[in-house]
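Tertiary structure, described
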Amino acid sequence: MLQKKNAVLVDGVILNGPIMDSKAGEKFVEEACKIIMEEVIQKADDVTEKVCEWQAPETLKQILDLEMRDTGECHQKLLQLCRDVIQYSVKTSRNVISNGVILYSIGRQDNVYKALFTFQGTEGVNICLLLAYTSHPRFFNQLYAGIDYYSLAARFITEALNPSVYTYEVSPVFLLVEEAVIKKMIEFIGWEEGDGIFNPGGSVSNMYAMNLARYKFCPEIKEKGLSGLPRLVLFTSEECHYSMKKAASFLGIGTENVYFIRTDERGKMIPEELEKQVQRARKEGSAPFLVCATAGTTVLGAFDPLDKIADICEKHGLWLHVDASWGGSALISRKHCRLLHGIHRADSVAWNPHKMLLAGIQCCALLVKDNSGLLKKCYSAEAAYLFQQDKFYDVSYDTGDKSIQCSRRPDAFKFWLMWKALGTTGLEERVNRALALARYLVEEIKKREGFQLLLEPEYANICFWYIPPSLRQMEDGPEFWQKLHQVAPIIKERMMKKGSMMLGYQPHRGKVNFFRQVVISPQVSREDMDFLLDEIELLAKDL
């Protein structure tokens, strides 16, 4: 329940208490589990059931009502969608616990969310799964947290159905869902058209983009390989995700050919430095082909100046990829989408809804402005046993050849069902609340003795030191910073062993260990922000 007493309002958002209706969410998951039991598990061995309930793509689109609206759908409509998804999916599963029952309970006990499922098979074998540790309201350790009931139910459905998303004949529902979600995400980027695919992680999306940019630059590489090519170089900021180096290594570009561009004191790429490095590469006889900007860096939460970077890319004919794995969800917010101003000028974007939007790991999309089939041209292998061209339906729906994978999970579905449930307005509320909570915490840090911000955040990353009592009178010098460097690891060890919360720390760009607090989960309240600061003080009182 929303606590009215001593309510705190920040940027128009009430921060007291969690905003999720846990009881309604629990009830929805319970009802969805009953449907899974009735329509999937108990029918899995019934040979009188159809293997598939065939519908042509355009007909199935109408049955499923794929559109994601501004407002969410009621639970009865959502549960019917769950039934429809199961009905029109291909039945690939064989039940290993036939005639079993599923017992479901979920609740909040001692501030920890728990989901316990017990499958009782005919041979009396019980399998218990204890889930959702990262949904604890005081898990602040990573760029994901919290639990969304609709996404959770969607994951149970896909686990039961066991689909693989490559052709319409074996995955009709989930291919159409992925198409609808990609189209909607493209609209938020600001493109009139485009393409895309869901991948197993933002790191893979970045690798896809790097390879796609290289293919665009020299299409012959797909068949002839690296031999005979000039020295290809790419540019990204000092604050980029480490996946850029991994991708360059994996693709044979080489980590020495990744030019890391200096950033300002806030962690943003400096466009003038990018221009200098592009010119330097050309003078060296290298062939620049790609710039990777970042919208929401991992540690500082910095957003590169996309418009100015796009100007340089246009000037030199370079592919612009934006790694918005973390910051992309700000596009949903009318208040905060300005952080990604200019993203519509990108050629490709990585965006992970499993982070700020809580779609559940993993849920990661690569979106591409090109709509001429570039993704398929780059990655297709035209496997005749999957992608026959003489099928009885429109084979343009067989989109699996755009992927480097064969088997691929239906990750878009959990995002789609969550979006249907909450509506765009509900997703926007999550972003706005997270950033309002971040602002509240920043102001509290400023008030408390011993806490010191690294910088004013612009997103949900709050980076700060805690200076224990014994160090507060020391002069600012090497000995002070050496001692402060040891504080965060000790506090982290104590909080982990106590189990009271999880908060990450790291050194960064010459700065000694500091805490990075990340606000995501809608279960988090103002009270949790206060607890975080109080707990740090308690754990470090003897330091």
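To keep things clear, this report deals only with the structure shown in the data block.

Quick notes on the rules
- The residue count restarts for each chain, going from 1 along the sequence in the order it is written.
- Per-residue local features are limited, in this predicted model, to residues with pLDDT of at least 70; the limit for side-chain atom pairs, both in listing and counting, is 80 or more; totals at the level of whole chains, interfaces and linings are taken over all residues.
- Heavy atoms throughout the structure, all of them, feed into the side-chain values; hydrogens and water do not.
- When DSSP finds at least two bridges between two strands, those strands are taken to pair.
- Strands here are runs of E lasting at least two residues and helices are runs of H or I lasting at least four, both read from the DSSP assignment and numbered beginning at the N terminus.
- Two residues qualify as a contact provided that any one of their heavy atoms is within 4.5 Å of a heavy atom in the partner residue.
- Note on geometry: axes are lines fitted to C-alpha atoms, helical ones only across the stretch in contact, with angles between N-to-C directions running from 0 to 180 degrees.
- Any two rings among Phe, Tyr and Trp, with Trp reduced to its six-membered ring, count as a pair given centres within 6.5 Å; such a pair is stacked if its planes are under 30 degrees apart, edge-to-face if over 60, and tilted if neither.
- When accessible area is computed with a 1.4 Å probe and restricted to protein chains, residues below 20% of their type maximum are described as buried, those above 50% as exposed, and intermediate ones as partly exposed.
- By convention in these notes, a salt bridge is any Lys or Arg side-chain nitrogen within 4 Å of a carboxyl oxygen on Asp or Glu.
- Each angle is binned into one of four classes, with values under 35 degrees roughly parallel, values over 145 roughly antiparallel, values of 65 to 115 roughly perpendicular, and all other values oblique.
- Should the near helix be turned counterclockwise from the far one by less than a right angle, the crossing is left-handed, whereas a clockwise turn marks it as right-handed.
- Each residue is assigned to one of three groups, with Ala, Val, Leu, Ile, Met, Phe, Trp, Tyr, Cys and Pro labelled nonpolar, Asp, Glu, Lys and Arg labelled charged, and all others, Gly among them, labelled polar.

1. Observations regarding the sheet that holds strand S15 (residues 461-466)
The mixed open sheet is built from five strands, whose spatial order is S6-S16-S17-S15-S14. One side of each edge strand has no neighbouring strand; the edge strands of this open sheet are strand S6 (139-140) and strand S14 (451-453). Across four bridges, S15 lies against strand S17 (residues 511-518) in antiparallel orientation. Paired with Cys463 across the strands is Arg516, a residue of S17. Where helix H13 (residues 478-485) meets the sheet, it contacts S15, strand S16 (502-508) and S17, and its direction lies at approximately 40 degrees from that of S17.

2. Re the pairing of S16
As judged from the two bridges shared by S6 and S16, these two strands associate in the parallel manner. Directly across from Phe139, in S16, lies its bridge partner Met502. In this antiparallel pair of consecutive strands, S16 and S17, the connection spans two residues, and Arg509 shows a positive phi of 50 degrees.

3. A closer look at the packing of aromatic side chains
Taken as a whole, this structure holds 23 aromatic pairs when the rule is applied. Ring geometry for Phe235 and Tyr259: centres 5.4 Å apart, planes at 80 degrees, overall edge-to-face. Of this pair, Phe235 sits in strand S8 (residues 232-237) while Tyr259 sits in strand S9 (residues 258-261), and the two are 24 residues apart along the sequence. A single burial state applies to Phe235 and to Tyr259, both of which are buried. Each ring, one from Phe480 and one from Trp481, has its centre 5.0 Å from the other, and the planes form 80 degrees; the classification is edge-to-face. Among the aromatic side chains, those forming a connected cluster through ring pairs are Trp54, Tyr168, Phe392, Tyr393 and Tyr397.

4. Quick notes on the sheet that holds strand S13 (residues 364-368)
Picture the strands of a sheet paired through backbone hydrogen bonds; they go either parallel or antiparallel. Spatially, S7-S13-S12-S11-S10-S8-S9 is the arrangement adopted by the seven strands of the open sheet, whose pairing is mixed. Sheet topology places strand S7 (195-199) and S9 at the edges, where each strand pairs with a single neighbour. This sheet shows a mean twist of 20 degrees between the axes of neighbouring strands, independent of strand direction. Of the strands in this sheet, S7, strand S12 (348-351) and S13 are in contact with helix H5 (residues 172-189), which crosses S7 at around 115 degrees.

5. Structural notes on unusual backbone geometry
The amide bond that connects Ile361 to the next residue, Gln362, takes the cis arrangement and shows omega of 0 degrees. With respect to the secondary-structure elements, Gln362 resides in the loop between S12 and S13. Phi is positive for Asn162, close to 55 degrees, though the residue is something other than glycine. With respect to the element layout, Asn162 can be found in the loop between helix H4 (149-161) and H5. Residue classification places Asn162 among the exposed residues on the basis of a relative accessible area of 52%. At Glu382, a position not held by glycine, the phi torsion is positive, near 55 degrees. Tracing the backbone shows Glu382 in the loop between helix H11 (374-379) and helix H12 (411-447).

6. Some thoughts on the pattern of salt bridges
Throughout the structure, instances matching the rule amount to 48 salt bridges. The partner of Asp65 in a salt bridge is Lys420, and the shortest N-O contact between them spans 3.3 Å. Taken together, the residues Asp65 in the loop between helix H2 (57-64) and helix H3 (75-87) and Lys420 in helix H12 connect sequence positions 355 residues apart. Assessed through its relative accessible area of 18%, Asp65 is described here as buried. Taking the relative accessible area as the measure of exposure, Lys420 reaches 2% and is therefore buried. Among the salt bridges present, the one from Asp542 reaches Arg494, with a minimum N-O distance of 2.7 Å. Placement of Asp542 in the segment after helix H15 (526-539) and of Arg494 in helix H14 (residues 487-498) is noted, with a sequence separation of 48 residues between them.

7. Some points on the packing of H4 against H12
Where H4 contacts H12, the axes come no closer than 8 Å and their chain directions differ by 140 degrees. Considering their axes alone, H4 and H12 lie oblique with respect to each other. Where H4 crosses over H12, the handedness of that crossing is right-handed. Contacts between H4 and H12 pair Tyr150, Ser151, Ala154, Arg155, Ile157 and Thr158 from the former with Phe413, Lys414, Leu417, Met418, Ala421 and Leu422 from the latter. Here the residues of the contact of H4 with H12 sort into eight nonpolar, two polar and two charged.

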